[in-house]
There are 2 protein chains.
Amino acid sequence: MTGTDDAALRAERSDPNTEVAVLLHDGVTALVAIGPYEILGGMPGAEVKFVAKAPGPVRTDSGFLSLTADYPLDNVPEPDVLLVPFLGPAAMGDERLLAWIRSAHRTSRWTTSVCAGSLMLGAAGLLDGLRATGHWVTKDILESFGATYVPDERYVRQGRIVTAAGVSSGIDMALYLVGEIAGAKEARVRQLMTEYDPKPPFDAGSAAKADREVVELAAARYRGLVGGLSAERGARP
Amino acid sequence: MTGTDDAALRAERSDPNTEVAVLLHDGVTALVAIGPYEILGGMPGAEVKFVAKAPGPVRTDSGFLSLTADYPLDNVPEPDVLLVPFLGPAAMGDERLLAWIRSAHRTSRWTTSVCAGSLMLGAAGLLDGLRATGHWVTKDILESFGATYVPDERYVRQGRIVTAAGVSSGIDMALYLVGEIAGAKEARVRQLMTEYDPKPPFDAGSAAKADREVVELAAARYRGLVGGLSAERGARP
(Lines give C-alpha, C1' and ligand atoms only; values in the text may rest on other atoms or scores of the structure.)
Protein backbone atom coordinates (compact mmCIF):
# COMPACT_ATOMS: atom_id res chain seq x y z
CA MET A 1 0.00 0.00 0.00
CA THR A 2 1.08 3.56 -0.57
CA GLY A 3 0.52 6.33 1.93
CA THR A 4 -2.42 7.52 -0.17
CA ASP A 5 -4.10 4.10 -0.17
CA ASP A 6 -3.70 3.96 3.58
CA ALA A 7 -5.26 7.39 4.00
CA ALA A 8 -8.24 6.18 1.98
CA LEU A 9 -8.52 3.07 4.14
CA ARG A 10 -8.43 5.21 7.26
CA ALA A 11 -11.19 7.41 5.92
CA GLU A 12 -13.40 4.34 5.32
CA ARG A 13 -12.96 3.03 8.84
CA SER A 14 -14.85 4.20 11.84
CA ASP A 15 -12.56 6.94 13.06
CA PRO A 16 -10.27 5.72 15.81
CA ASN A 17 -9.83 8.13 18.67
CA THR A 18 -6.28 7.12 19.43
CA GLU A 19 -3.89 5.55 16.95
CA VAL A 20 -1.01 3.92 18.82
CA ALA A 21 2.06 2.93 16.78
CA VAL A 22 4.40 0.36 18.33
CA LEU A 23 7.72 0.14 16.50
CA LEU A 24 9.15 -3.36 15.98
CA HIS A 25 12.45 -4.75 14.71
CA ASP A 26 14.27 -8.07 14.99
CA GLY A 27 15.75 -8.14 18.46
CA VAL A 28 12.82 -6.53 20.28
CA THR A 29 12.31 -7.45 23.92
CA ALA A 30 8.74 -8.75 23.84
CA LEU A 31 7.46 -7.59 27.23
CA VAL A 32 8.75 -4.06 26.57
CA ALA A 33 6.29 -3.79 23.67
CA ILE A 34 3.50 -6.03 24.93
CA GLY A 35 3.02 -4.51 28.40
CA PRO A 36 2.01 -1.07 27.09
CA TYR A 37 0.13 -2.60 24.13
CA GLU A 38 -2.06 -4.61 26.49
CA ILE A 39 -2.95 -1.62 28.66
CA LEU A 40 -3.38 0.91 25.84
CA GLY A 41 -5.02 -1.45 23.34
CA GLY A 42 -8.00 -2.10 25.61
CA MET A 43 -8.81 1.58 25.92
CA PRO A 44 -12.06 2.35 24.04
CA GLY A 45 -11.27 3.93 20.70
CA ALA A 46 -7.66 2.80 20.70
CA GLU A 47 -6.22 1.19 17.60
CA VAL A 48 -2.75 -0.27 17.99
CA LYS A 49 -0.60 -0.65 14.88
CA PHE A 50 2.61 -2.63 15.06
CA VAL A 51 4.97 -1.10 12.50
CA ALA A 52 8.34 -2.11 11.08
CA LYS A 53 10.49 -1.38 8.06
CA ALA A 54 8.68 -4.21 6.28
CA PRO A 55 5.44 -5.91 7.38
CA GLY A 56 5.75 -9.44 8.69
CA PRO A 57 7.20 -11.30 11.65
CA VAL A 58 10.09 -9.93 13.71
CA ARG A 59 12.04 -12.21 16.00
CA THR A 60 12.38 -11.30 19.66
CA ASP A 61 15.73 -11.01 21.44
CA SER A 62 15.49 -14.52 22.90
CA GLY A 63 14.91 -16.12 19.51
CA PHE A 64 11.94 -18.03 20.96
CA LEU A 65 9.11 -15.96 19.51
CA SER A 66 7.99 -13.80 16.61
CA LEU A 67 5.66 -10.82 16.80
CA THR A 68 4.00 -9.64 13.60
CA ALA A 69 4.18 -6.07 12.34
CA ASP A 70 1.12 -5.46 10.17
CA TYR A 71 2.23 -2.09 8.84
CA PRO A 72 5.30 -0.66 7.09
CA LEU A 73 6.60 2.62 8.50
CA ASP A 74 5.24 4.75 5.64
CA ASN A 75 1.67 3.65 6.29
CA VAL A 76 1.62 5.02 9.83
CA PRO A 77 3.15 8.47 9.45
CA GLU A 78 1.20 10.37 12.11
CA PRO A 79 0.30 8.18 15.09
CA ASP A 80 -1.30 9.85 18.10
CA VAL A 81 0.90 7.79 20.39
CA LEU A 82 4.36 6.68 19.31
CA LEU A 83 5.85 3.85 21.38
CA VAL A 84 9.49 2.85 20.92
CA PRO A 85 10.40 -0.38 22.76
CA PHE A 86 13.94 -1.63 23.08
CA LEU A 87 14.62 -3.07 19.63
CA GLY A 88 18.12 -4.49 20.13
CA PRO A 89 21.51 -3.09 19.16
CA ALA A 90 21.07 -3.59 15.39
CA ALA A 91 18.17 -1.13 15.27
CA MET A 92 20.03 1.62 17.16
CA GLY A 93 21.91 3.08 14.22
CA ASP A 94 19.21 2.46 11.63
CA GLU A 95 18.66 5.80 9.95
CA ARG A 96 15.28 4.80 8.44
CA LEU A 97 13.92 4.03 11.89
CA LEU A 98 15.39 7.20 13.37
CA ALA A 99 13.97 9.32 10.52
CA TRP A 100 10.51 7.79 11.05
CA ILE A 101 10.70 8.48 14.78
CA ARG A 102 11.67 12.11 14.17
CA SER A 103 8.91 12.57 11.62
CA ALA A 104 6.21 10.86 13.70
CA HIS A 105 7.23 12.93 16.72
CA ARG A 106 6.43 16.15 14.86
CA THR A 107 2.69 15.45 15.03
CA SER A 108 2.32 12.92 17.85
CA ARG A 109 0.31 13.69 20.97
CA TRP A 110 2.66 11.42 22.93
CA THR A 111 6.11 10.18 22.04
CA THR A 112 7.14 7.38 24.39
CA SER A 113 9.81 4.78 24.96
CA VAL A 114 10.25 1.79 27.23
CA CYS A 115 13.53 0.34 28.51
CA ALA A 116 16.54 1.00 26.27
CA GLY A 117 14.06 2.30 23.68
CA SER A 118 14.94 5.68 25.17
CA LEU A 119 18.33 5.32 23.51
CA MET A 120 16.58 5.43 20.13
CA LEU A 121 14.74 8.61 21.12
CA GLY A 122 18.14 9.91 22.17
CA ALA A 123 19.76 8.83 18.90
CA ALA A 124 16.92 10.58 17.07
CA GLY A 125 17.89 13.77 18.89
CA LEU A 126 14.69 14.06 20.94
CA LEU A 127 16.11 13.91 24.46
CA ASP A 128 18.87 16.53 24.37
CA GLY A 129 18.59 18.61 27.54
CA LEU A 130 15.68 16.58 28.94
CA ARG A 131 15.27 14.42 32.04
CA ALA A 132 14.62 10.84 31.00
CA THR A 133 14.80 7.23 32.08
CA GLY A 134 15.43 3.85 30.49
CA HIS A 135 17.00 0.55 31.49
CA TRP A 136 19.24 1.24 34.49
CA VAL A 137 22.22 -0.48 32.85
CA THR A 138 22.10 1.97 29.91
CA LYS A 139 22.27 5.16 32.02
CA ASP A 140 25.62 6.31 30.62
CA ILE A 141 24.62 5.77 27.00
CA LEU A 142 21.36 7.64 27.60
CA GLU A 143 23.30 10.56 29.04
CA SER A 144 25.65 10.55 26.04
CA PHE A 145 22.64 11.83 24.06
CA GLY A 146 22.34 14.89 26.29
CA ALA A 147 19.64 13.53 28.59
CA THR A 148 19.80 13.48 32.37
CA TYR A 149 18.98 10.00 33.69
CA VAL A 150 16.40 9.99 36.49
CA PRO A 151 16.76 7.03 38.85
CA ASP A 152 13.95 5.42 40.86
CA GLU A 153 11.09 6.55 38.65
CA ARG A 154 9.00 4.16 36.57
CA TYR A 155 8.53 6.84 33.91
CA VAL A 156 9.54 10.44 33.36
CA ARG A 157 7.38 12.95 31.51
CA GLN A 158 8.81 16.00 29.81
CA GLY A 159 6.09 17.77 27.87
CA ARG A 160 4.66 15.16 25.47
CA ILE A 161 7.68 12.87 25.71
CA VAL A 162 7.47 10.05 28.26
CA THR A 163 10.31 7.63 28.81
CA ALA A 164 9.84 4.52 30.96
CA ALA A 165 12.47 2.56 32.87
CA GLY A 166 13.44 -1.10 32.26
CA VAL A 167 11.34 -3.81 30.61
CA SER A 168 8.30 -4.09 32.92
CA SER A 169 7.90 -0.36 33.59
CA GLY A 170 5.96 0.18 30.38
CA ILE A 171 2.89 -1.19 32.15
CA ASP A 172 3.02 1.60 34.73
CA MET A 173 3.68 4.18 32.02
CA ALA A 174 0.77 2.94 29.91
CA LEU A 175 -1.64 3.26 32.84
CA TYR A 176 -0.45 6.83 33.28
CA LEU A 177 -1.04 7.50 29.56
CA VAL A 178 -4.54 6.00 29.68
CA GLY A 179 -5.25 8.33 32.58
CA GLU A 180 -4.06 11.32 30.55
CA ILE A 181 -5.82 10.28 27.33
CA ALA A 182 -9.08 8.80 28.63
CA GLY A 183 -9.21 9.83 32.27
CA ALA A 184 -8.47 8.27 35.64
CA LYS A 185 -11.64 6.17 35.73
CA GLU A 186 -10.71 4.45 32.46
CA ALA A 187 -7.16 3.89 33.74
CA ARG A 188 -8.58 2.20 36.83
CA VAL A 189 -10.84 0.02 34.67
CA ARG A 190 -7.83 -1.07 32.59
CA GLN A 191 -5.85 -1.76 35.77
CA LEU A 192 -8.63 -3.91 37.19
CA MET A 193 -9.31 -5.73 33.90
CA THR A 194 -5.63 -6.69 33.78
CA GLU A 195 -5.65 -7.33 37.55
CA TYR A 196 -2.50 -5.26 37.91
CA ASP A 197 -2.05 -5.46 41.65
CA PRO A 198 1.59 -6.55 41.64
CA LYS A 199 3.13 -8.44 44.52
CA PRO A 200 6.58 -9.61 43.38
CA PRO A 201 7.76 -12.55 45.51
CA PHE A 202 11.23 -10.96 45.74
CA ASP A 203 12.27 -7.35 46.31
CA ALA A 204 15.13 -6.88 43.86
CA GLY A 205 13.43 -4.81 41.17
CA SER A 206 15.83 -1.88 41.30
CA ALA A 207 19.57 -1.56 41.64
CA ALA A 208 19.02 0.26 44.95
CA LYS A 209 17.07 -2.68 46.39
CA ALA A 210 19.08 -5.66 45.13
CA ASP A 211 22.28 -6.80 46.82
CA ARG A 212 25.64 -6.17 45.22
CA GLU A 213 26.10 -9.66 43.76
CA VAL A 214 22.68 -9.58 42.09
CA VAL A 215 23.36 -6.09 40.68
CA GLU A 216 26.67 -7.20 39.21
CA LEU A 217 25.23 -10.39 37.72
CA ALA A 218 22.23 -8.58 36.23
CA ALA A 219 24.39 -5.78 34.78
CA ALA A 220 26.81 -8.27 33.20
CA ARG A 221 24.01 -10.38 31.75
CA TYR A 222 22.17 -7.35 30.41
CA ARG A 223 25.33 -5.94 28.83
CA GLY A 224 25.80 -9.32 27.13
CA LEU A 225 22.28 -9.11 25.71
CA VAL A 226 22.75 -5.61 24.33
CA GLY A 227 26.32 -6.18 23.18
CA GLY A 228 27.66 -3.47 20.90
CA LEU A 229 25.18 -0.92 22.10
CA SER A 230 27.73 1.64 23.23
CA ALA A 231 29.48 1.40 19.86
CA GLU A 232 26.30 2.75 18.29
CA ARG A 233 26.49 6.11 20.04
CA GLY A 234 27.77 7.53 16.79
CA ALA A 235 24.23 7.16 15.47
CA ARG A 236 23.45 10.43 17.16
CA PRO A 237 22.58 12.91 14.41
CA MET B 1 7.78 -32.71 11.30
CA THR B 2 6.71 -35.90 12.99
CA GLY B 3 7.28 -36.62 16.65
CA THR B 4 10.23 -38.84 15.70
CA ASP B 5 11.91 -36.14 13.65
CA ASP B 6 11.52 -33.79 16.55
CA ALA B 7 13.05 -36.29 18.94
CA ALA B 8 16.05 -36.51 16.62
CA LEU B 9 16.30 -32.73 16.49
CA ARG B 10 16.16 -32.55 20.25
CA ALA B 11 18.91 -35.13 20.59
CA GLU B 12 21.14 -33.04 18.31
CA ARG B 13 20.66 -29.89 20.34
CA SER B 14 22.60 -28.98 23.43
CA ASP B 15 20.33 -30.32 26.12
CA PRO B 16 18.18 -27.57 27.60
CA ASN B 17 17.74 -27.71 31.32
CA THR B 18 14.20 -26.44 31.32
CA GLU B 19 11.81 -26.76 28.40
CA VAL B 20 8.92 -24.34 28.80
CA ALA B 21 5.86 -24.84 26.57
CA VAL B 22 3.52 -21.88 26.14
CA LEU B 23 0.21 -22.87 24.57
CA LEU B 24 -1.20 -20.48 21.96
CA HIS B 25 -4.48 -20.19 20.06
CA ASP B 26 -6.30 -17.43 18.18
CA GLY B 27 -7.82 -15.22 20.84
CA VAL B 28 -4.91 -15.33 23.29
CA THR B 29 -4.43 -12.32 25.56
CA ALA B 30 -0.84 -11.34 24.71
CA LEU B 31 0.41 -10.12 28.08
CA VAL B 32 -0.89 -13.28 29.77
CA ALA B 33 1.59 -15.30 27.70
CA ILE B 34 4.39 -12.74 27.31
CA GLY B 35 4.81 -11.77 30.96
CA PRO B 36 5.85 -15.26 32.10
CA TYR B 37 7.76 -15.93 28.86
CA GLU B 38 9.92 -12.86 29.45
CA ILE B 39 10.78 -13.85 33.02
CA LEU B 40 11.24 -17.59 32.41
CA GLY B 41 12.89 -17.31 28.99
CA GLY B 42 15.87 -15.38 30.37
CA MET B 43 16.67 -18.06 32.94
CA PRO B 44 19.94 -19.82 31.99
CA GLY B 45 19.18 -23.15 30.34
CA ALA B 46 15.56 -22.27 29.61
CA GLU B 47 14.15 -22.96 26.19
CA VAL B 48 10.68 -21.59 25.54
CA LYS B 49 8.55 -23.23 22.87
CA PHE B 50 5.34 -21.59 21.73
CA VAL B 51 3.00 -24.40 20.68
CA ALA B 52 -0.35 -24.51 18.92
CA LYS B 53 -2.48 -26.98 16.99
CA ALA B 54 -0.65 -25.87 13.85
CA PRO B 55 2.58 -23.85 13.68
CA GLY B 56 2.27 -20.27 12.49
CA PRO B 57 0.80 -16.99 13.63
CA VAL B 58 -2.11 -16.76 16.04
CA ARG B 59 -4.07 -13.55 16.41
CA THR B 60 -4.44 -11.98 19.83
CA ASP B 61 -7.80 -11.09 21.36
CA SER B 62 -7.56 -7.44 20.32
CA GLY B 63 -6.95 -8.31 16.68
CA PHE B 64 -3.99 -5.90 16.64
CA LEU B 65 -1.15 -8.44 16.81
CA SER B 66 -0.01 -11.94 15.91
CA LEU B 67 2.30 -14.13 17.95
CA THR B 68 3.97 -17.04 16.21
CA ALA B 69 3.80 -20.62 17.44
CA ASP B 70 6.88 -22.45 16.17
CA TYR B 71 5.77 -25.92 17.23
CA PRO B 72 2.72 -28.12 16.75
CA LEU B 73 1.38 -29.82 19.87
CA ASP B 74 2.76 -33.25 18.99
CA ASN B 75 6.33 -31.98 18.83
CA VAL B 76 6.34 -30.84 22.45
CA PRO B 77 4.80 -33.77 24.31
CA GLU B 78 6.73 -33.57 27.58
CA PRO B 79 7.63 -30.00 28.55
CA ASP B 80 9.19 -29.41 31.95
CA VAL B 81 6.98 -26.38 32.44
CA LEU B 82 3.54 -26.19 30.87
CA LEU B 83 2.02 -22.71 30.71
CA VAL B 84 -1.60 -22.20 29.69
CA PRO B 85 -2.51 -18.54 29.10
CA PHE B 86 -6.05 -17.38 28.52
CA LEU B 87 -6.72 -18.42 24.95
CA GLY B 88 -10.21 -17.01 24.43
CA PRO B 89 -13.59 -18.72 24.49
CA ALA B 90 -13.12 -20.69 21.25
CA ALA B 91 -10.24 -22.69 22.72
CA MET B 92 -12.11 -23.65 25.90
CA GLY B 93 -13.99 -26.61 24.49
CA ASP B 94 -11.27 -27.75 22.11
CA GLU B 95 -10.70 -31.40 22.89
CA ARG B 96 -7.31 -31.57 21.12
CA LEU B 97 -5.96 -28.80 23.33
CA LEU B 98 -7.45 -30.35 26.46
CA ALA B 99 -6.03 -33.77 25.58
CA TRP B 100 -2.56 -32.26 25.07
CA ILE B 101 -2.79 -30.45 28.40
CA ARG B 102 -3.77 -33.67 30.20
CA SER B 103 -0.99 -35.61 28.52
CA ALA B 104 1.71 -32.97 29.09
CA HIS B 105 0.66 -32.69 32.72
CA ARG B 106 1.47 -36.38 33.31
CA THR B 107 5.21 -35.72 33.02
CA SER B 108 5.57 -31.98 33.65
CA ARG B 109 7.52 -30.62 36.58
CA TRP B 110 5.21 -27.62 36.69
CA THR B 111 1.74 -27.22 35.18
CA THR B 112 0.70 -23.57 35.25
CA SER B 113 -1.96 -21.19 34.05
CA VAL B 114 -2.41 -17.43 33.95
CA CYS B 115 -5.69 -15.52 34.00
CA ALA B 116 -8.69 -17.44 32.64
CA GLY B 117 -6.21 -20.08 31.46
CA SER B 118 -7.10 -21.79 34.74
CA LEU B 119 -10.49 -22.56 33.17
CA MET B 120 -8.70 -24.75 30.63
CA LEU B 121 -6.87 -26.59 33.40
CA GLY B 122 -10.30 -26.95 35.00
CA ALA B 123 -11.88 -28.17 31.77
CA ALA B 124 -9.02 -30.68 31.45
CA GLY B 125 -10.02 -32.03 34.86
CA LEU B 126 -6.85 -30.97 36.67
CA LEU B 127 -8.29 -28.63 39.30
CA ASP B 128 -11.05 -30.74 40.85
CA GLY B 129 -10.80 -30.38 44.63
CA LEU B 130 -7.92 -27.91 44.47
CA ARG B 131 -7.51 -24.29 45.55
CA ALA B 132 -6.85 -22.13 42.50
CA THR B 133 -7.03 -18.66 41.08
CA GLY B 134 -7.63 -17.02 37.72
CA HIS B 135 -9.20 -13.83 36.44
CA TRP B 136 -11.47 -12.48 39.19
CA VAL B 137 -14.43 -12.19 36.80
CA THR B 138 -14.29 -15.94 36.04
CA LYS B 139 -14.48 -17.11 39.68
CA ASP B 140 -17.84 -18.88 39.28
CA ILE B 141 -16.80 -20.73 36.11
CA LEU B 142 -13.55 -21.80 37.77
CA GLU B 143 -15.50 -23.18 40.72
CA SER B 144 -17.83 -25.06 38.35
CA PHE B 145 -14.80 -27.29 37.64
CA GLY B 146 -14.54 -28.29 41.30
CA ALA B 147 -11.86 -25.76 42.26
CA THR B 148 -12.04 -23.36 45.18
CA TYR B 149 -11.22 -19.81 44.03
CA VAL B 150 -8.66 -18.06 46.25
CA PRO B 151 -9.02 -14.25 46.24
CA ASP B 152 -6.23 -11.74 46.81
CA GLU B 153 -3.36 -14.00 45.83
CA ARG B 154 -1.24 -13.43 42.72
CA TYR B 155 -0.77 -17.19 42.32
CA VAL B 156 -1.78 -20.35 44.12
CA ARG B 157 0.39 -23.46 44.28
CA GLN B 158 -1.03 -26.91 44.83
CA GLY B 159 1.72 -29.49 44.47
CA ARG B 160 3.15 -28.96 40.99
CA ILE B 161 0.14 -27.03 39.72
CA VAL B 162 0.35 -23.23 39.95
CA THR B 163 -2.50 -21.00 38.84
CA ALA B 164 -2.04 -17.23 38.57
CA ALA B 165 -4.69 -14.50 38.81
CA GLY B 166 -5.64 -12.07 36.02
CA VAL B 167 -3.51 -10.97 33.06
CA SER B 168 -0.49 -9.29 34.71
CA SER B 169 -0.11 -11.78 37.58
CA GLY B 170 1.86 -14.21 35.42
CA ILE B 171 4.92 -12.01 35.97
CA ASP B 172 4.77 -12.57 39.72
CA MET B 173 4.12 -16.28 39.21
CA ALA B 174 7.04 -16.64 36.83
CA LEU B 175 9.44 -15.05 39.32
CA TYR B 176 8.23 -17.55 41.89
CA LEU B 177 8.84 -20.39 39.41
CA VAL B 178 12.35 -19.15 38.60
CA GLY B 179 13.04 -19.15 42.33
CA GLU B 180 11.84 -22.76 42.59
CA ILE B 181 13.64 -23.95 39.45
CA ALA B 182 16.90 -21.98 39.57
CA GLY B 183 17.01 -20.50 43.05
CA ALA B 184 16.22 -17.18 44.70
CA LYS B 185 19.39 -15.47 43.48
CA GLU B 186 18.51 -16.17 39.86
CA ALA B 187 14.95 -14.95 40.46
CA ARG B 188 16.34 -11.69 41.84
CA VAL B 189 18.62 -11.35 38.79
CA ARG B 190 15.64 -11.81 36.48
CA GLN B 191 13.64 -9.28 38.51
CA LEU B 192 16.42 -6.71 38.28
CA MET B 193 17.11 -7.35 34.59
CA THR B 194 13.43 -6.68 33.87
CA GLU B 195 13.44 -3.82 36.41
CA TYR B 196 10.27 -5.22 37.95
CA ASP B 197 9.79 -2.73 40.75
CA PRO B 198 6.16 -1.89 40.03
CA LYS B 199 4.60 1.38 41.08
CA PRO B 200 1.18 1.58 39.43
CA PRO B 201 -0.02 5.19 39.24
CA PHE B 202 -3.49 4.09 40.38
CA ASP B 203 -4.57 1.63 43.06
CA ALA B 204 -7.39 -0.27 41.43
CA GLY B 205 -5.70 -3.58 40.65
CA SER B 206 -8.10 -5.80 42.57
CA ALA B 207 -11.86 -5.83 43.00
CA ALA B 208 -11.32 -5.18 46.71
CA LYS B 209 -9.38 -1.98 46.02
CA ALA B 210 -11.37 -0.45 43.16
CA ASP B 211 -14.56 1.49 43.72
CA ARG B 212 -17.93 -0.03 42.84
CA GLU B 213 -18.37 1.80 39.54
CA VAL B 214 -14.93 0.69 38.30
CA VAL B 215 -15.61 -2.91 39.38
CA GLU B 216 -18.91 -2.96 37.51
CA LEU B 217 -17.44 -1.41 34.37
CA ALA B 218 -14.43 -3.76 34.36
CA ALA B 219 -16.60 -6.83 34.96
CA ALA B 220 -19.01 -5.89 32.17
CA ARG B 221 -16.18 -5.14 29.73
CA TYR B 222 -14.34 -8.36 30.59
CA ARG B 223 -17.50 -10.43 30.20
CA GLY B 224 -17.93 -8.86 26.78
CA LEU B 225 -14.41 -9.91 25.82
CA VAL B 226 -14.88 -13.50 26.94
CA GLY B 227 -18.44 -13.76 25.62
CA GLY B 228 -19.78 -17.30 25.51
CA LEU B 229 -17.33 -18.54 28.09
CA SER B 230 -19.91 -19.81 30.53
CA ALA B 231 -21.62 -21.71 27.74
CA GLU B 232 -18.43 -23.75 27.40
CA ARG B 233 -18.66 -25.30 30.83
CA GLY B 234 -19.94 -28.41 29.11
CA ALA B 235 -16.35 -28.93 27.92
CA ARG B 236 -15.60 -30.44 31.29
CA PRO B 237 -14.74 -34.08 30.67
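Residues numbered from 1 in each chain as written. Chains lettered and ligands numbered in written order. Predicted model: local features only at pLDDT ≥ 70, side-chain atom pairs only at ≥ 80, totals over all residues. Heavy atoms only, no water.

Per an unreviewed UniProt entry, chain A goes by Intracellular protease and derives from uncultured Rubrobacteraceae bacterium.

J.: Explain the interface of chain A and chain B to me, please; I cannot follow it from the model alone.
T.: The figure often quoted for interface size is the accessible area lost as the parts come together. Facing 74 residues of chain A, the contacting portion of chain B comprises 74 residues. Along the contact surface separating chain A from chain B lie eight salt bridges. Arg221 of chain B is paired through a salt bridge with Glu186 of chain A; the nearest N and O atoms lie 2.9 Å apart. In this structure, the connection of chain A to chain B is made through 44 residue pairs in polar contact (both at pLDDT 80 or more). Looking at the side of chain A that touches chain B residue by residue, the classes come out as 38 nonpolar, 17 polar and 19 charged. (Contact = heavy atoms within 4.5 Å. Salt bridge = Lys/Arg side-chain N within 4 Å of Asp/Glu carboxyl O. Polar contact = N/O pair within 3.5 Å; in protein donor to acceptor, adjacent residues only side chain to side chain. Nonpolar A, V, L, I, M, F, W, Y, C, P; charged D, E, K, R; others polar.)

J.: Explanation requested: the sheet that holds strand 6 (residues 81-84) of chain A in the structure shown.
T.: Residue and element names in this part refer to chain A. The seven strands lie next to each other as 5-2-1-6-7-11-10, forming an open sheet whose pairing is mixed. Whereas interior strands pair on both sides, the edge strands pair on one side only; in this sheet they are strand 5 (71-72) and strand 10 (155-158). Here three bridges tie strand 7 (residues 110-113) to strand 11 (residues 161-164), and the two strands are oriented parallel to one another. When the bridges of strand 11 are listed, Thr111 appears paired with Ile161. (Pairing = 2+ DSSP bridges. Helix = DSSP H or I, 4+ residues; strand = E, 2+ residues; numbered from the N terminus.)

J.: Help me understand the pairing of strand 11 (residues 161-164) of chain B in this model?
T.: Remark: a regular strand shows side chains that alternate across the two faces of the sheet. Residues and elements named next belong to chain B. Neither face of strand 11 is exposed, since Ile161 and Thr163 on one face and Val162 and Ala164 on the opposite face are all buried. As defined by bridge partners, strand 10 (residues 155-158) adjoins strand 11 across four bridges and the pair is classed as antiparallel. Residue Arg157 lies in a different strand from strand 11, and its bridge partner there is Val162. (Buried < 20%, exposed > 50% of the residue type's maximum accessible area, 1.4 Å probe, protein only.)

J.: Looking at this structure, I do not really get the packing of aromatic side chains. What am I missing?
T.: In this description, an aromatic ring pair is defined by two values, namely the gap between the centres and the angle between the planes. Per the stated rule, a full pass over the model turns up four aromatic pairs over all chains. The ring of Tyr71 of chain B has Lys49 of chain B lying over it, and the distance from NZ or CZ to the ring centre is 4.9 Å. (Phe/Tyr/Trp six-rings, centres within 6.5 Å; stacked < 30°, edge-to-face > 60°. Lys NZ or Arg CZ within 6 Å of the ring centre and 35° of its normal.)

J.: When you look at the relation of the copies chain A and chain B in this model, what are you seeing that I'm missing?
T.: Overlaying chain A with chain B gives an RMSD of 0.0 Å, the required rotation being 180 degrees about an axis along which the chain moves by 0.0 Å. Given the turn and translation reported, the copies of this chain are related as if by a two-fold rotation axis. In terms of C-alpha distance to the rotation axis, chain A has Leu67 of chain A as its closest residue, with the C-alpha 2.4 Å off the axis. The share of interface residues of chain A whose copies in chain B are also at the interface is 100%, consistent with both copies meeting through the same surface. (Least-squares fit on C-alpha atoms with pLDDT ≥ 70 in both.)

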